[in-house]
Amino acid sequence: MEQNFSERDSIELISGMIKKTRQNLEVGSGNVFLYYGYSSLVIAIATYFTTLLTGSNIWNLLWFLMFVPMAVLMGKAQKEKPDVTTYTDRMLGNTWKIVGLLMILSVIVITVYGFVSGTIYFPVMLPVALLAVSMGSMITGLTVKKNSVTAISIVGFIIPVKVLIDMATGNGYTPAWNLIGGLSFLCTLVIPGHILNRKSSRS
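Just so you know, these numbers come straight off a predicted model, no measurement behind them.

Turning our attention to the packing of aromatic side chains. One pass over the structure, following the stated rule, counts six aromatic pairs. Relative to phenylalanine 49, the ring of tyrosine 48 lies with its centre 5.0 Å away and its plane at 70°, an arrangement referred to as edge-to-face. Using a relative accessible area of 43% as the deciding quantity, one classes phenylalanine 49 as partly exposed. Their ring planes at 85° and their centres at 5.5 Å tell us that phenylalanine 64 and phenylalanine 122 sit as a pair that is edge-to-face. Taken together, the residues phenylalanine 64 in the loop between helix H1 (2-54) and helix H2 (67-79) and phenylalanine 122 in the loop between helix H3 (87-117) and helix H4 (125-143) connect sequence positions 58 residues apart. Exposure remark for phenylalanine 122: the relative accessible area of 26% places this residue in the partly exposed category. Three or more aromatic residues joined by ring pairs make a cluster, and in this case those are Phe64, Phe67 and Phe122.

Listed below in C-alpha cells is the structure:
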C-alpha cells in the first residue's frame, strides 16, 4: 500500500510539474511578449507622428517609456513566483534579463560617450535594442522548439541591420525609422507572443 501510494504520488507530482512548466514557458512567455510588443507598437506610432508633425527629434525620448512595462513586469514577477522553475525557465528568464541589461548598458554608454565627445546620438539606440530583442526571440523559439517564432524573429533581425547600414552610409535619422522599429517589434514580440499563446491553448 505504501509503495503504491508513493508511485502514484510521484506520477501526480511529475504531471503537475510538466503542466506548470508548460504554463510558465508558453502562456507566460507569450503574454510578456505581447505586453512589450503592443507597448512598443504604440510608442513607435506615437513617436513617428510627434516627430513628423513637430519636426523635433526630442520626441524620440518617448522610447524610454519601454522601461515602464519592464519595471511593472519585473515587480509582478517578484510577487508571483511560479511553483515550479525548471532549467528551461531559468535559461529563458536569464536570456531576457540579458536583453534588458543590454538596453540599459546601451543607454549608459551612449550617454557617457556623448558627454565625452560632446554629441549624444540616441538614434543608435533603436537598432541596438531591435537587435537584442530579435536575438532573444530567436533563442526563445529554438528553446521551445517553435521554428515559426525563430523564423519571424529573423525578419525582425534584418530590419535593424538595414538601419545600421543606413547610418554607416551617411543616411541620417528620419521619423520613418520609428515605424521601421515598430515593424521589427511586430516580428520579434507581437507575432511570436500570439504563436506561443496559440500553442499553449492547443496543448
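There is more to say, and it comes next.
A separate point is the UniProt feature "transmembrane region" (unreviewed entry) in the protein chain. Per the UniProt record, "transmembrane region" (unreviewed entry) is annotated on residues 32-52, 58-77, 98-116, 122-142, 149-165 and 177-196. End-to-end, the C-alpha atoms of residues 122-142 are 31 Å apart, and along that stretch the chain is 86% helix and 0% strand.

Another aspect to go through is the environment of isoleucine 43. Examined against the element boundaries, isoleucine 43 turns out to sit in helix H1. Taking relative accessible area as the criterion, isoleucine 43 reaches 7% and is therefore assigned buried. Sequence separation of isoleucine 43 and asparagine 60 is 17 residues, and the distance between their C-alpha atoms is 9.3 Å. Leave out the neighbours within four places in its chain, and isoleucine 43 touches Leu62, Trp63, Leu65 and Met66.

Bringing the nonpolar core into the picture now. Trp63, Met103, Met125, Val133, Phe185 and Leu189 are the most contacted members of the largest nonpolar core, which has 27 residues in total. Contributing elements (two or more residues each) for this core: H1, H3, H4, helix H5 (147-168) and helix H6 (176-202). The leading source of residues in this core is H4, at six residues.

Among the surface-exposed residues, Ile98, Leu101, Leu102, Ile104, Leu105, Ile108, Val112 and Val116 lie close enough to one another that they form a single nonpolar patch of about 700 Å² accessible area. Within the secondary structure layout, leucine 101 lies in helix H3. Relative accessible area serves as the criterion here: at 42%, leucine 101 is assigned to the partly exposed category.

Let us now look at the environment of threonine 169. When you line up the elements, threonine 169 lands in the loop between H5 and H6. Only 3.4 Å separates the side chain of threonine 169 from the side chain of asparagine 171, close enough to count as a polar contact.

The rules behind each value
- Residues numbered from 1 in each chain as written.
- Predicted model: local features only at pLDDT ≥ 70, side-chain atom pairs only at ≥ 80, totals over all residues.
- Heavy atoms only, no water.
- Phe/Tyr/Trp six-rings, centres within 6.5 Å; stacked < 30°, edge-to-face > 60°.
- Buried < 20%, exposed > 50% of the residue type's maximum accessible area, 1.4 Å probe, protein only.
- Helix = DSSP H or I, 4+ residues; strand = E, 2+ residues; numbered from the N terminus.
- UniProt positions renumbered as here; feature names shortened; annotations may be inferred.
- Contact = heavy atoms within 4.5 Å.
- Core = buried A, V, L, I, M, F, W, Y, C linked by side-chain atoms within 4.5 Å.
- Patch = residues over 30% accessible without salt bridge, like charges linked within 9 Å, V, L, I, M, F, W, Y side chains within 5 Å.
- Areas by Shrake-Rupley, 256 points an atom, 1.4 Å probe, with all protein chains shown as cover.
- Salt bridge = Lys/Arg side-chain N within 4 Å of Asp/Glu carboxyl O.
- Polar contact = N/O pair within 3.5 Å; in protein donor to acceptor, adjacent residues only side chain to side chain.

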